[in-house]
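Structure at a glance
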Amino acid sequence: MVKKIFFLITIVVALVSCNTSFSEKDKEAYTLKGKEIAEAAFLELSTQLTEQMKAGGPAQAIPFCNQKAMRITNQLSEKFEATIKRTSNDLRNDQNAPSKRELEILDEFHKTKLEGKPLKPIVEVDATNKKHFYAPIIMKANCLVCHGTINETVNIKTDSIIKSLYPNDKAIGYNEGDLRGIWSITFKN
Ligand code: HEC
């Protein structure tokens, strides 16, 4: 009987540790993959945004973001076999709202930043064995025409276009170097 119980315990422990095992090697691999995807998505979004800004300034670029940002990330999601999402505590587009776990990650990054420590990507496995990658999105100078301070970097015309498309916009008032939000990438395998 005792032997049987020991045997069962061994099996249960083995199963549990199998399910949650995520070796350092796996972590490194998913961190690299996540970084590659986030960089590709950032490049694609900013290249297209810059083109639209050159062609018609914020008046053209904002409606473009409004219609295309989601489509661009969705296309890249297919290419990389991963769900690519951008989210934040202060949203412009409500469709980018954070999940419970993403809120916790956002809080963690904000706390780390306040403590003046470096922000490093987080890789983890959830209860359904899905792998996730989270990385900070930091404000750059060229983001401020649409996310900076009204009357300073954001002119009145830009502000009124933003408000007409996003009456509940909270993604304003940022400075260069601020934590804007996070990339949240979920791998399909
Ligand atoms: C031309 C104006 C414009 C510029 C410049 C711009 N954004 Fe945005 N941003 C938007 C609009 C419009 C949205 C909402 C549409 C969307 O992308 O879902 C948005 C949404 C976002 C979101 C998604 C979260 C949310 O609030 O909905 C993030 C993150 C973001 N921007 C970061 C940046 C960063 C970082 C830069 C600079 C590299 C930048 N933006 C430059 C207009 C702009």
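Residues numbered from 1 in each chain as written. Predicted model: local features only at pLDDT ≥ 70, side-chain atom pairs only at ≥ 80, totals over all residues. Heavy atoms only, no water.

A few points about the pairing of strand S2 (residues 122-125)
In this structure, S2 lies alongside strand S3 (residues 131-138), joined through four bridges in antiparallel fashion. Bridge pairing in S3 places Glu124 opposite His132. Linking S2 back to S3 in an antiparallel pair, the connection comprises five residues, with Asn129 at a positive phi of about 70 degrees. (Pairing = 2+ DSSP bridges. Helix = DSSP H or I, 4+ residues; strand = E, 2+ residues; numbered from the N terminus.)

Observations concerning the coordination of the iron atom of the ligand
Counting protein donors to the iron atom of the ligand gives just one, His147 (NE2), placed at 2.1 Å. Within the secondary structure, His147 is located in helix H4 (residues 144-147). (Donors = N, O, S within 2.8 Å, 3.2 Å for Na, K, Ca; no water.)

Structural notes on helix H2 (residues 24-80)
Spanning 57 residues, H2 covers only 22 Å between terminal C-alpha atoms, well under the ideal 84 Å at 1.5 Å per step. A bend of about 135 degrees at Gly57 is the largest found in H2, and the proline Pro58 appears one to four places after it. Remark: Glu81 follows H2 within two positions and exhibits a positive phi of approximately 50 degrees. (Expected span 1.5 Å × (residues − 1). Bend = angle between axes of the 7 residues up to and from the residue.)

What about the pattern of salt bridges?
The final tally for this structure, using the stated rule, is seven salt bridges. Among the ionic pairs, Asp169 bridges to Arg92, the shortest N-O distance being 2.8 Å. Here Asp169 is found in the loop between helix H5 (156-165) and strand S4 (179-187), whereas its partner Arg92 is found in the loop between strand S1 (82-87) and helix H3 (100-114), with 77 residues between them in sequence. The same class applies to Asp169 and to Arg92, which are both buried. Taking the shortest distance from any N to any O, the salt bridge between Asp159 and Lys163 comes out at 2.9 Å. Note that Asp159 and Lys163 are positioned in helix H5 at a spacing of four residues, about one turn of the helix. (Salt bridge = Lys/Arg side-chain N within 4 Å of Asp/Glu carboxyl O. Buried < 20%, exposed > 50% of the residue type's maximum accessible area, 1.4 Å probe, protein only.)

It is worth stressing that arrangement in space is one thing and function is another; only the former is reported here.
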